[in-house]
Amino acid sequence: MTTPRSWLAPANDSPFGLHNLPYGVFTAGDRPGRRRIGVRVGDFVLDAGAAARAVGEPSVLLDAGSLNPLLAAGRPVWTEVRAALTRWLTEEAHRGDLSPLLLPLHAVELHLPFEVADYVDFYASEHHATNLGRILRPGSEPLTPNWKHLPIGYHGRSGTVVVSGTPVVRPHGQRKAPADAAPSFGPTRRLDIEAEVGFVVGAPSAMGTPVTLDGFREHVFGVCLVNDWSARDIQGWEYVPLGPFLGKSFATSLSPWIVPLDALEHARVTAPARDVELLPYLDDRDEPWGLDLAMEIRLNGHLVSRPPFASMYWTAAQQLAHMTVNGASLRTGDLFASGTVSGPEPETRGALIELTWNGENPLKLPDGSTRTFLENDDEVTITATAPGPDGTAVGFGEVTGRIVP
Ligand code: MN
């Protein structure tokens with residue numbers, strides 16, 4: 001099957017062509033304050049609800065202020081809506097009606113596209129977990145004994161998930177370095193990033209019924225980019241024995257475009273070889289859901305890392321299966337993130353604590369300054385693309401945030 005061509009010619013050579021069609025929520029000057037669902041096409045945003053009305057097709061799921069109704073509708077409807085959007089943007093007959101409903105990207109403001117229900121963050125990169133183990137627990141085995149048997153995660157704070165571009169206020173808290181006699185209180189001195197990939201749950205599941213690996217496609221609507229901002233000094237003092245808490249919960253940033261899972265068929269890869277036998281509910285030999293996303297991290301515009309998502313040990317399908325294996329139910333809008341994406345090479349690490357090896361090897365920036373952790377006014381931007389059909393690329397856009405005091 002060849003990629004359909006749009007009458008919107010520039011979109012055909014874009015990472016946001018008809019093979020992608022990511023969903024977001026926007027406001028624009030023609031109807032100020034009114035949140036609407038938008039679909040990105042090239043460097044334009046299609047007002048999706050208005051488009052459905054213009055072509056005389058059912059618009060109820062697209063005529064909403066968030067993606068939640070569409071998320072809740074489930075896989076068969078997602079497929080139908082995607083096919084309809086493709087048809088509208090392909091058939092010359094719709095050109096006249098739809099052209100006025102395409103707003104330039106720079107003319108819209110993008111918002112958090114769905115109401116985040118529960119938020120779970122994982123720890124799925126073997127390279128990241130090994131590096132952190134070496135940094136934080138030198139002299140002992142870097143991976144904990146459970147690491148290769150189950151995807152480790154924790155429940156995060158959904159209420160502080162914010163859209164890309166939202167300023168990140170440097171958090172205050174208790175900090176205690178190992179050499180300090182007592183904890184002190186104040187702004188974090190070790191503010192870090194974690195470059196991650198997020199998965200958005202659409203269809204809910206019943207309590208008591210685990211979602212198996214082959215249920216991944218039925219429940220997960222799409223994929224976005226996540227920056228899991230982390231205050232390492234607060235985290236380091238508080239995390240034993242119950243795990244991350246205030247060192248993480250102050251802000252988590254999300255990219256505004258949700259790339260449909262359907263757009264990532266060509267990006268699927270097999271996860272790296274596992275060196276222990278997995279329990280049957282995690283054995284994904286028949287359901288490989290590794291994804292070949294090429295990520296980039298920029299600090300004040302300067303490229304500092306290229307994390308390869310294909311190197312992740314645990315896939316999102318395994319994470320979903322593990323997250324529900326105890327019978328925990330899924331809700332529409334649940335978000336789970338992969339954990340920091342770090343590849344094997346130093347220049348592919350997804351957090352400053354690894355890139356600077358706990359501050360021992362500062363990064364040099366082109367303006368002559370150096371960084372161990374983030375300073376006020378620093379801006380971090382994470383982008384990604386994945387392979388699409390016929391040599392195309394699938395764009396994810398960006399998740400960005402600037403640190404304010
Ligand atoms: Mn994280």
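In case you missed it, the structure is sitting above this.
Residues numbered from 1 in each chain as written. Predicted model: local features only at pLDDT ≥ 70, side-chain atom pairs only at ≥ 80, totals over all residues. Heavy atoms only, no water.

Comments concerning the coordination of the manganese ion
Note on metal sites: the ideal angle is 109.5 degrees for four tetrahedral donors, and 90 or 180 degrees for six octahedral donors.
Piece 1. Taken together, the protein donors to the manganese ion comprise Asp-121 (OD), Glu-194 (OE), Glu-196 (OE) and Asp-228 (OD), at separations of 2.1 to 2.2 Å.
Piece 2. Binding-site remark: the manganese ion is held by donors from one chain whose sequence spacing is D-x72-E-x1-E-x31-D. The pair formed by Glu-194 and Glu-196 is uniform in burial state, with each residue classed as buried. (Donors = N, O, S within 2.8 Å, 3.2 Å for Na, K, Ca; no water. Buried < 20%, exposed > 50% of the residue type's maximum accessible area, 1.4 Å probe, protein only.)

Examining the pattern of salt bridges
Piece 1. Applying the stated criterion across every chain yields a total of 22 salt bridges.
Piece 2. A salt bridge links Asp-30 to Arg-36, with the shortest nitrogen-to-oxygen separation between them at 2.9 Å.
Piece 3. Since its relative accessible area comes to 5%, Arg-36 is described here as buried.
Piece 4. A salt bridge links Arg-306 to Glu-296; its shortest N-O distance comes to 2.5 Å. (Salt bridge = Lys/Arg side-chain N within 4 Å of Asp/Glu carboxyl O.)

Thoughts on the pairing of strand 20 (residues 294–299)
Piece 1. Of the pairings in the sheet, the one linking strand 20 to strand 25 (residues 379–387) comprises 6 bridges and is antiparallel in character. Bridge assignment links Met-295 to a residue of strand 25, and that residue is Ala-384.
Piece 2. With 3 bridges connecting them, strand 20 and strand 21 (residues 302–305) associate as antiparallel partners. The partner of Arg-298 across the bridge, within strand 21, is Leu-303.
Piece 3. Adjacent in sequence and paired antiparallel, strand 20 and strand 21 are bridged by 2 residues, among which Asn-300 carries a positive phi angle near 50°. (Pairing = 2+ DSSP bridges. Helix = DSSP H or I, 4+ residues; strand = E, 2+ residues; numbered from the N terminus.)

Quick notes on unusual backbone geometry
Piece 1. Backbone torsion omega between Val-240 and Pro-241 reads 10°, so that peptide bond is classified as cis.
Piece 2. Mapped onto the fold, Pro-241 is located in the loop between helix 7 (232–238) and strand 16 (252–254).
Piece 3. With phi around 55°, Leu-21 is a residue other than glycine that occupies positive phi space.
Piece 4. Here Leu-21 shows up in the segment before strand 1 (23–28).
Piece 5. On the basis of relative accessible area, Leu-21 is assigned to the buried category, the value being 0%.
Piece 6. Here Asn-300, not a glycine, exhibits a phi torsion of approximately 50°, which is positive.

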